[in-house]
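Analysis of the macromolecular model
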Amino acid sequence: MKSEFTPPIGKISQINGQCISLVGNDIDTDRIIPARFLKCVNFDSLGESVFEDDRKTLKGQHPFDLEENKNATILIVNSNFGCGSSREHAPQALMRWGIRAIIGESFADIFYSNCIAIGVPCFTLPKNSIQDMQNHSFNKCLFLEIDMNNSSAKSKELNFDLEIKESARKMFLSGEWDATSALLENEKLIENKFHDLPYLKFNNQF
Amino acid sequence: MSKDTLFDKVWDLHKVSSLPGGSDQIFIGLHLIHEVTSPQAFGALKDKNLTVKFPSRTVATVDHIVPTDNQSRPFKDNLAEQMIETLEKNCLQHKIKFFNIGSGSQGIVHVVAPELGLTQPGMTIACGDSHTSTHGAFGSIAFGIGTSQVRDVLATQTIAMNKLKVRQIWCENQLSNGVYAKDLVLHIINKLGVKAGVGFAYEFAGPAINGLSMEERMTICNMSIEGGARCGYINPDEKTFSYMKNKLCSPKNEHWEKALTWWKSLKSDEDSIYDDVIKIDASKIEPTVTWGITPGQSIGINQQIPFLDELSPNDKLVAEEAYEYMSFKPGQSIKDIPVEVCFIGSCTNGRISDLRVAAKVLKDKKVSKNVKAFVVPGSEKVANEAKQEGLDQIFKDSGFQWREPGCSMCLAMNSDKLIGNQISASSSNRNFKGRQGSPRGRTLLMSPAMVAAAAINGKVSDVREFIN
């Protein structure tokens, strides 16, 4: 493992770092973190087990094992990344390995919202732009500067206009991606809803 | 944008506010928790000095890590024991109702909540598990969430979420004999693809859906997520209401009448607007089996594994990966592929009607000597009902092992796992690489009846040859 883990906190407007490419469609959360590693009551040690089975199969040649990638922070993936189980352990494992942003062709819904909830922005790009990025990062290290203000990514040679859900972009810029405090602010409205919902009037309560 | 669908109505009813970022704050009517995705959420509550807002709206059970052979405590697996203890402690501390092992109501969370009558039409239901979509079978809007959102539901009974689009999947005609809900949903995922549902709720409708029992409808909605849709639902009808009558937590007496009146008002309007509509002819579907590493890679029992040039450009990459991982060749028949393990269970197909169908195939037959076969009832209630009907004995006489309820080898968090590159015939929901506990294990998804047929012959078989 790398230097000590510090979670993202507060406003996220700029992410600069080296890219790591992982090629493949439909990479599911069982592959990102196999189920046996879910037997834990905290997320602390998940980083070292990210892609455990894929890495064992590739015997040191998996992108997450290559020496040149060890300081990478921006993950480049293809389509439907993070499909399958809702386990937040998957983005937690990626984040604890060192990933701070993900750029891909597309993401599964639950994985995407889990990433937002822990402060790891996910951006989308068309297939050919992703392939450009992946080819560049294979040939030599690709460093990107991601600017959340205008959803752009640039390197010395490349420029990309990234797509991100506007609600997510605003939350990262304001630092409210950890939704709890915004939700708590509407306590009165929540209580009104609790008293108004028809079915809560005719249901037995434990 | 969709308008006047059941999804729109339930969403609007539960909307608490529009959040500054543009997403909606949605009230969660029923929150289900289990041992795997909740401990970190309770930990986060403690760190933030928060309490559980409405403990009566959260219900717990234990399912993923429970052993299915010997459930005496402490569990042999220390980590599993630590997880159940943590859940017990959290439920006790926060006054959350917990259906523990031996309560008579423990089981897979998506089997337990409907059979207790907790799942009801018009509710929003969330759980830290992607198969929460199951509950949509009752006309609720139900979806999986991550642990941070479990924390938010515990603390506020709400989550922040962007409204989904709605796609209606209209299923015409009826399924033919020997073809089940599992075949229908595998077929739908194959036709639409595993990511078509991203950003959508799926409304399953049409004569074929109306013809399904409530348990079959749960199988359909359960696998919405395998098609990429976080949420899938079916408009409630008389079958829904009759299933719910007299369940432990269903409304009683005068409350029942009020509930019924309200539930009957809940459905998509005839002139409602969908973001997309797809039509499927259910009568053309054969018993369906997956051959690859995503639930979209399936074929009819009499078909051959597709060649690359038969697939769309987007499907080729993962097909090549699948040929290699599964050691199958394009053009090879799925029928007669030998299987080594047969598993009946899971939140997709571990209900009493699933066990009845499989037992009917197995009656007076023997499991092939080359096969390890076991059945894991979805809940203690399912197990008890099966025993009363003598199904356990039929399974045991055929050579199936009869186990205790839990998630078991669907995701192999307990000791039920494939070994090496074994091939399983499985009634579960995911055939991902390594899903069933061995990094090289291979999973063929199919209906419980098809698993029973495969167990008897020791190879992938057409169940219609057993029942016609």
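Just so we're clear, the structure is a prediction, and the values are computed from it rather than from any experiment. Here the residue numbers are simple positions, counted from 1 along each chain's written sequence. Numbering of ligands from 1 and lettering of chains from A proceed in the order in which they are written. At least 70 in pLDDT is required for a residue's local features to be given in this predicted model, at least 80 for side-chain atom pairs to be given and counted, and no such filter applies to totals for whole chains, interfaces and linings, which use all residues. The basis for every side-chain value is the complete set of heavy atoms in the structure, and neither hydrogens nor water enter the calculation.

**Observations concerning the overall build of chain A**
- Elements are defined by DSSP. Helices are runs of H or I of four residues or more, strands are runs of E of two residues or more, and each kind is numbered from the N terminus. Within chain A, the regular secondary structure consists of 9 helices and 7 strands.
- Dimensions along the principal axes, computed over C-alpha positions, put chain A at roughly 65 × 40 × 30 Å.
- Relative to its full complement of 206 residues, chain A shows a buried share of 62%.
- For chain A, the proportion of contacts with a sequence separation of at least 24, taken over those separated by at least 6, is 71%.
- Note on areas: these come from Shrake-Rupley sampling with a 1.4 Å probe, and a residue is covered only by the protein chains present in the view. Of the roughly 8700 Å² that chain A leaves accessible, carbon and sulfur atoms contribute 48%.
- Computing the positive centroid from 22 side-chain charges and the negative centroid from 28, chain A places the two 1 Å apart. Note on classification: 1.4 Å probe, protein chains only; a residue is buried when its accessible area is under 20% of the maximum for its type, exposed when over 50%, partly exposed between these limits. Two residues form a contact once any of their heavy atoms are found within 4.5 Å. Charge counting follows a simple rule: Lys and Arg are positive, Asp and Glu are negative, and His as well as the terminal groups are ignored. Each charge is placed at NZ for Lys, CZ for Arg, CG for Asp and CD for Glu.

**Section: the domain arrangement of chain B**
All names here are of chain B.
- The domain boundaries assigned to chain B delineate domain 1 (6–264) and domain 2 (288–467).
- Reported domain spans reflect what an automatic or database domain assignment gives. The gap between the C-alpha centroids of domain 1 and domain 2 is 24 Å.
- If you look at the interface, domain 1 gives 42 residues, while domain 2 gives 43 residues.
- Note on definitions: buried area is the accessible-area loss of two parts on being combined, 1.4 Å probe, summed for both. Across the domain 1/domain 2 interface, buried area totals approximately 3500 Å², and carbon plus sulfur atoms make up 55% of it.
- For domain 1, the biggest contributors to the area lost against domain 2 are Thr68, Ile108 and Lys182; these three give 19% of the whole.

**A closer look at the sheet that holds strand β1 (residues 14–21) of chain A**
Residue and element names in this part refer to chain A.
- Paired strands, as defined in this entry, are two strands with at least two bridges between them according to DSSP. On the basis of which strands lie adjacent, the open sheet formed by 7 strands has the order β4-β3-β2-β1-β5-β6-β7 and mixed pairing. One side of each edge strand has no neighbouring strand; the edge strands of this open sheet are β4 (122–124) and β7 (159–161). Averaged over neighbouring strand pairs, the angle between their axes works out to 30° when direction is ignored. Lines fitted to C-alpha atoms define the axes here, with helix axes fitted over just the stretch in contact, and angles between the N-to-C directions of these axes take values from 0 to 180 degrees.

**Topic: the packing of aromatic side chains**
- Any pair of Phe, Tyr and Trp rings, taking the six-membered ring for Trp, is counted once the centres come within 6.5 Å. Such a pair is stacked with planes under 30 degrees apart, edge-to-face with planes over 60 apart, and tilted for the rest. By the definition in use, this model includes 21 aromatic pairs over all chains.
- Measuring from centroid to centroid gives 5.0 Å for Phe51 of chain A and Phe64 of chain A, while their planes differ by 50°, and the two rings are tilted. In this pair, Phe51 of chain A is assigned in the loop between α1 (29–32) and α2 (52–58) and Phe64 of chain A in the loop between α2 and β2 (74–77), connecting sequence segments 13 residues apart.
- Three or more aromatic residues link up through ring pairs in this structure, and these residues are Tyr199 and Phe202 of chain A together with Phe241, Trp256, Trp262 and Trp263 of chain B.
- Geometrically, a lysine NZ or arginine CZ counts as sitting over a ring once it is within 6 Å of the ring centre and also within 35 degrees of the ring normal. Here Lys247 of chain B stacks its cationic end above the ring of Tyr243 of chain B, 4.2 Å away from the centre of that ring.
- The ring of Phe374 of chain B carries the charged tip of Lys372 of chain B above its face, separated from the ring centre by 5.1 Å.

**Describing the side chain of Ser428 of chain B**
Residues and elements named next belong to chain B.
- By the secondary structure assignment, Ser428 is in the loop between β18 (423–426) and β19 (442–445).
- At 2.6 Å, the side chain of Ser428 and the side chain of Ser426 are in polar contact.
- The residues touching Ser428, leaving out its near neighbours within four places in the chain, are Lys182, Phe343, Gly345, Ser346, Thr348, Cys410, Gln436 and Leu445. Two N or O atoms count as a polar contact when they lie within 3.5 Å, although within protein this holds only if one can serve as hydrogen donor and the other as acceptor, and sequence-adjacent residues are included solely when both atoms are side-chain atoms.

**Some points on the sheet that holds strand β11 (residues 231–233) of chain B**
All names here are of chain B.
- Strand order in this open sheet of 4 strands is β11-β10-β9-β12, and the pairing throughout is parallel. The open sheet is flanked by β11 and β12 (276–281), the only strands paired with a single partner. For this sheet, the mean angle separating the axes of adjacent strands, direction not counted, is 20°.
- By the bridge criterion, 6 bridges tie strand β9 (residues 165–172) to β12 in an arrangement that is parallel. Bridge assignment links Trp170 to a residue of β12, and that residue is Lys279.
- Contacts from helix α1 (residues 6–14) reach β9, β10 (200–205) and β11 within the one sheet, and its direction differs from that of β11 by about 120°.

**Digging into the pattern of salt bridges**
- Take a side-chain nitrogen of Lys or Arg and a carboxyl oxygen of Asp or Glu: if they are within 4 Å of each other, that pair is a salt bridge. According to the stated counting rule, one finds 36 salt bridges over all chains in the structure shown.
- For Asp276 of chain B, the salt bridge goes to Arg167 of chain B, with nearest N and O atoms at 2.7 Å. Here Arg167 of chain B lies in strand β9 and Asp276 of chain B lies in strand β12, a separation of 109 residues in the sequence.
- Asp276 of chain B sits in the partly exposed class, given a relative accessible area of 26%.
- A network of salt bridges, in which partner residues are shared, links Arg31 and Asp54 of chain A together with Glu321 and Lys433 of chain B.

**Observations concerning the packing of helix α3 (residues 89–97) of chain A against helix α4 (residues 109–118) of chain A**
Residues and elements named next belong to chain A.
- Relative orientation of the contacting elements α3 and α4 amounts to 50°, with a least axis distance of 9 Å. In terms of axis orientation, α3 runs oblique to α4. Judged by the sense of rotation from one axis to the other, the crossing of α3 with α4 is right-handed. On α4, the residues touching Ala90, Pro91, Gln92, Leu94 and Met95 of α3 are Phe111, Asn114, Cys115 and Ile118. Angle categories: roughly parallel below 35 degrees, roughly antiparallel above 145, roughly perpendicular from 65 to 115, and oblique for all the rest. By convention the crossing between two helices is left-handed if the near helix lies anticlockwise of the far one by an angle smaller than a right angle, and right-handed if it lies clockwise.

**Things to note about helix α15 (residues 391–398) of chain B**
- By the burial criterion, the buried members of α15 of chain B are Leu391, Asp392, Ile394, Phe395 and Ser398 of chain B. When α15 of chain B is viewed along its axis, its buried side chains cluster within an angular range of 160° and face the same direction. The directions from the helix axis to the C-beta atoms form the arc being described.

**Side note on the interface of chain A and chain B**
- The partner chain B presents 88 residues to the 62 residues of chain A that form the contact.
- Interface of chain A and chain B: buried area, both sides summed, is about 5900 Å²; carbon and sulfur atoms make up 60% of it.
- Counting every contact that joins chain A to chain B gives 7 salt bridges.
- The salt bridge involving Glu191 of chain A is made with Lys53 of chain B; its shortest N-O contact spans 2.5 Å.
- On the surface where chain A and chain B come into contact, there are 29 residue pairs in polar contact (both at pLDDT 80 or more).
- If you list the elements that add at least two residues to the side of chain A that touches chain B, you get α1, α4, α6 (166–174), α7 (180–184), α8 (187–196) and α9 (198–201) of chain A.
- Of the residues in the side of chain A that touches chain B, the class split is 25 nonpolar, 18 polar and 19 charged. Polar here means any residue other than Ala, Val, Leu, Ile, Met, Phe, Trp, Tyr, Cys and Pro, which are nonpolar, and Asp, Glu, Lys and Arg, which are charged; Gly is therefore polar.

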